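Residue strings, one per chain:
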Amino acid sequence: MPLAAVALPKHELLESPTTRAIKMHDSGWTLTVSTNSISNAQDSDELQRALGFPLPEMTFGSNYLTLEHRPSKWKYQFYTPDALRDVKNGELGPGDGGVKVGHADAWLQSRTNPSSSLPMPKTVPTKPYDWTYTTTYAGHSTVWTPPDDGSSAADSRPPTPVVEEPPRPWTWAPADPDNPAHGIPLEELKRPDPILFYAEVPLFEDELHDNGSSHLLVRIRVMPTCFFILSRFTLRVDGVLFRTHDTRVYHSFASSPPLVVRETSGWEAPYDRVKAALSRRDDLSPLTDPTFIAKVLTEMPHQVSQVEGANTGWRGLGTKVEIAVLG
Amino acid sequence: MAPFDLDACIQQLLRKQLLHEALLREICTKTKEVLMRESNVVHVSSPVTVVGDIHGQFYDLIEIFRIGGFAPNTNYLFSASDYVDRGLFSVETISLLTCLKLRYPDRVQLIRGNHESRAVTQNYGFYTECMRKYGSSHAWTYFTDMFDFLTLSVVIDDRVFCVHGGLSPSIHSIDQIKVLDRFREIPPDGPIADLVWSDPDAEKEDFAISPRGAGYTFGSGVVHKFLEINQMSHILRAHQLCMEGYTSLFDGHLSTVWCVQSSPYCRYRCGNSASILEVGPGGSMYFNVFEAAPENDRDGPSQQAAQSANGKLPEYFL
């Protein structure tokens, strides 16, 4: 189908140095992204104090993606501080999927072995937290604020909440597996329709002190018939494991009443199993590519990557589809 | 051994042209002989310009020379090392630094960082870059063999201790560093690992084991005690990213110098500044904070888009 045959819905693009937005006139959606540099020392200190653990090396503390649906006053957001709030602070327990670096056992043994020439020094306990920054953050709903005709798009931070009439109640409900509208239509998303709006919003990234990589990136694309979001957390711990957690949000502008589909999925596998999928054994660079990692993990049998994983007991494994009916 | 013209090599590298593999081998062998004679603690005198992690940012290295002066007119201490990985031009960068070290052994000091190891360079890009540019892993072998001989630390004017990572619970005095056997791959544990891997923790007094399960963080008591025992006034290190180019901790007794800023790792995403530290006679310290090398605009982003998924081109992700 030639691209010209697709009817473009009426929309408007708004842009400032750090913020971009698209307003869909017919459906009443405003989708806004803000991309900024990593937080400066002062902002980092504040956020670190609030969270209680050291921030990822690259924390894009002011970055966000906001979805606003004016008719139903539904507002949903992906925002760095909230994603980090989902990271376990304190001693890791069952379900948290805690791991140590590959050489941790050998390292500790070399320090604690009575015959060791490297006796343990006087150390203080470290404040425990999940140093891999694993998060199953799937976005969060937030207080509706009346739009001020696009000028909020020029602001580098989410606007401060203003209490108006309360938004209509809504909740995420389990999707009906027999209802085709309750799923994400991959065929529609594979169609090369024009992309009216596209953005990549990094929330945080850390190289785990050269022991791997932890990375959370949100992407959005708006097509004439729908919008689609992928928020992907990717973890590599060298020699130990790979982990991916995806949140997909889909909305068809044709749905009535407006329906939002959210799919959350987690996969995990031991490092060597993913490494075995490399086409060239001496080139490890695909192991730094979240898309490659996700492809390998998702193509493994369900039992392997979504049930057993890397035997960490991480609660994020599996897939869940939910819907929200707006209005 | 066939003679080679080192100055011509330096000129060629300054034009960002790779040296032939056979030439690299000779240069690395010669440099190894120079490094082998260096102590684990090299003593230098001010004035000296201290540079943080380079990570294959060739243009930033050139910009540093533009701002700080070219060797041998300026004494350089690539304190923070991490010469390779992450960047697009690790091979050119380490080739140039190696030639400069060989040409001006007393004017250019290279300290070993945790990326100057076989294990880390295989995971973080240098190995892949050598394969891509030379079609074999020979260059990577020459360089990583040479890395085994890099010194571990430098002391400026007997008062400033420079190291890549930080302090080790096994090391109280500088003399204990001098007796370490450093001519090998960075071990996973022990004092050498600590020197290249550890990080300061401003909220602590003592050493603590990292929540990662290996490696130490060190606190203010550790820093003050080390400086007191060794009669020094300051510790300089790199190893960590800082938005403002450098940070000071522990009442100004420890500084982190960060240099790379135009890397895919940084500039196009972080917008942070870089800095070099000019240490003068009498203990003066001046952080020269600078912006990106303009050439990165020409060569950087396009290559960066090919290397990572951060380009702004719309993609039909699923």
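About the criteria used
- Residues numbered from 1 in each chain as written.
- Chains lettered and ligands numbered in written order.
- Predicted model: local features only at pLDDT ≥ 70, side-chain atom pairs only at ≥ 80, totals over all residues.
- Heavy atoms only, no water.
- Contact = heavy atoms within 4.5 Å.
- Buried area = accessible area lost by both parts, 1.4 Å probe.
- Salt bridge = Lys/Arg side-chain N within 4 Å of Asp/Glu carboxyl O.
- Pairing = 2+ DSSP bridges.
- Helix = DSSP H or I, 4+ residues; strand = E, 2+ residues; numbered from the N terminus.
- Axes fitted to C-alpha atoms, helices over the stretch in contact; angles between N-to-C directions.
- Phe/Tyr/Trp six-rings, centres within 6.5 Å; stacked < 30°, edge-to-face > 60°.
- Buried < 20%, exposed > 50% of the residue type's maximum accessible area, 1.4 Å probe, protein only.
- Lys NZ or Arg CZ within 6 Å of the ring centre and 35° of its normal.
- pLDDT = per-residue confidence, 0-100.
- Core = buried A, V, L, I, M, F, W, Y, C linked by side-chain atoms within 4.5 Å.

*Asks:* Just to check I follow, could you spell out the interface of chain B and chain A for this structure?
*Replies:* Often, the extent of an interface is quoted as the loss of accessible area upon association of its parts. Listed by partner, the interface residues are 50 residues for chain B and 63 residues for chain A. Between chain B and chain A, the buried area comes to about 4800 Å², and carbon and sulfur atoms account for 57% of it. Taken as a group, Arg-212, Phe-317 and Leu-318 of chain B account for 18% of the area that chain B buries against chain A, more than any other trio of residues on that side. In this assembly, chain B and chain A are joined by one salt bridge.

*Asks:* Any chance you could explain the sheet that holds strand S5 (residues 64-69) of chain A here in plain terms?
*Replies:* The strands making up a sheet are joined through hydrogen bonds of the backbone, oriented either antiparallel or parallel. Residue and element names in this part refer to chain A. Spatially, six strands are ordered S1-S2-S3-S5-S6-S8 in an open sheet, and the strand pairing comes out antiparallel. Looking at the sheet topology across the chains shown, the edges are occupied by strand S1 (11-15) and strand S8 (140-141). Of the pairings in the sheet, the one linking strand S6 (residues 74-79) to S8 comprises two bridges and is antiparallel in character. What sits directly across from Gln-77, in S8, is His-140.

*Asks:* Would you take a moment to explain the sheet that holds strand S4 (residues 58-59) of chain A for this structure?
*Replies:* All names here are of chain A. Read from one edge to the other, the open sheet built from eight strands follows the order S4-S10-S11-S12-S13-S14-S15-S9, with strand pairing classed as antiparallel. Each edge of the sheet is formed by a strand with only one pairing partner; in this case those strands are S4 and strand S9 (173-174). Lying on the sheet, helix H6 (residues 290-299) is in contact with strand S11 (212-222), strand S12 (226-237), strand S13 (241-252) and strand S14 (259-270); it crosses S13 at an angle near 95°.

*Asks:* What should I look at first to understand the packing of aromatic side chains in this one?
*Replies:* For the coordinates displayed, the defined rule picks out 27 aromatic pairs over all chains. Each ring, one from Tyr-64 of chain A and one from Tyr-79 of chain A, has its centre 6.3 Å from the other, and the planes form 80°; the classification is edge-to-face. Placement of the pair is Tyr-64 of chain A in strand S5 and Tyr-79 of chain A in strand S6, with a sequence separation of 15 residues. Of the two residues examined, Tyr-64 of chain A and Tyr-79 of chain A, each falls in the buried class. With a centroid separation of 5.2 Å and an interplanar angle of 15°, the aromatic rings of Phe-242 of chain A and Tyr-271 of chain A are classed as stacked. With a gap of 29 residues between them, Phe-242 of chain A in strand S13 and Tyr-271 of chain A in helix H5 (residues 271-275) connect regions that are remote in the sequence. Residue class for Tyr-271 of chain A comes out buried when judged on its relative accessible area of 6%. Three or more aromatic residues joined by ring pairs make a cluster, and in this case those are Trp-29, Trp-74, Tyr-76, Phe-78, Tyr-137, Trp-172, Phe-227 and Phe-253 of chain A. Of note, Arg-221 of chain A hangs over the ring of Phe-317 of chain B, and the distance from its end group to the ring centre comes to 5.2 Å.

*Asks:* Is there a simple way to explain the confidence of the model for chain B in this structure?
*Replies:* Interpretation of the predicted coordinates at a detailed level should be avoided for regions scoring low in pLDDT. Per-residue pLDDT for chain B has a mean of 84; in total, 83% of the residues score no lower than 70. Below a pLDDT of 50 lies the segment residues 300-311 of chain B, which in the model reaches 16 contacts outside its immediate sequence neighbourhood of four places, other chains included.

*Asks:* In this structure, what is going on with the nonpolar core? I would like to understand it.
*Replies:* Generally speaking, a soluble globular protein has its nonpolar side chains buried in company with each other. In terms of nonpolar packing, the biggest core is built from 82 residues, with Trp-29, Leu-67 and Ile-220 of chain A together with Phe-161 of chain B touching the most fellow members. Residues contacting Ile-220 of chain A, with those up to four places away along its chain left out, are Leu-31, Val-33, Leu-65, Leu-67, Phe-197, Tyr-198, Ala-199, Phe-228 and Ile-229 of chain A together with Phe-317 of chain B. Leu-6, Leu-35, Phe-78 and Phe-147 of chain B belong to the second-largest nonpolar core, a separate cluster that totals 48 residues.

*Asks:* Before we go on, may I ask you to explain the pairing of strand S10 (residues 197-206) of chain A in this structure?
*Replies:* The two faces of the sheet receive side chains in turn, since in a regular strand these alternate between them. All names here are of chain A. Counting buried positions along S10 gives ten out of ten residues, so the element sits mostly inside the fold. Taken together, the two bridges between S4 and S10 define a ladder with antiparallel strand orientation. Residue pairing in the sheet places Met-58 in a bridge with Glu-205 of S10. Summarising the sheet, S10 and S11 pair through nine bridges and their orientation is antiparallel. Note that in S11 the partner of Val-201 across the bridge is Val-218.

*Asks:* Would you mind showing me how to read unusual backbone geometry here?
*Replies:* Excluding glycine, most residues fall at negative phi; most peptide bonds, likewise, are trans. The step from Ser-256 of chain A to Pro-257 of chain A runs through a cis peptide bond, and the omega angle for that step is -5°. For Pro-257 of chain A, the location among the structural elements is in the loop between S13 and S14. The residue after Ser-46 of chain B, namely Pro-47 of chain B, is reached through a cis peptide bond having omega 0°. Residue placement: Pro-47 of chain B occurs in the loop between strand S1 (41-44) and strand S2 (48-51). Phi is positive for Leu-208 of chain A, close to 50°, though the residue is something other than glycine. Relative to the assigned elements, Leu-208 of chain A resides in the loop between S10 and S11. The buried category is assigned to Leu-208 of chain A, whose relative accessible area is 1%. Within the chain, Asp-157 of chain B stands out as a residue other than glycine whose phi angle is a positive 50°. Relative to the assigned elements, Asp-157 of chain B resides in the loop between strand S5 (153-156) and strand S6 (160-163). By relative accessible area, Asp-157 of chain B is classed as partly exposed at 25%.

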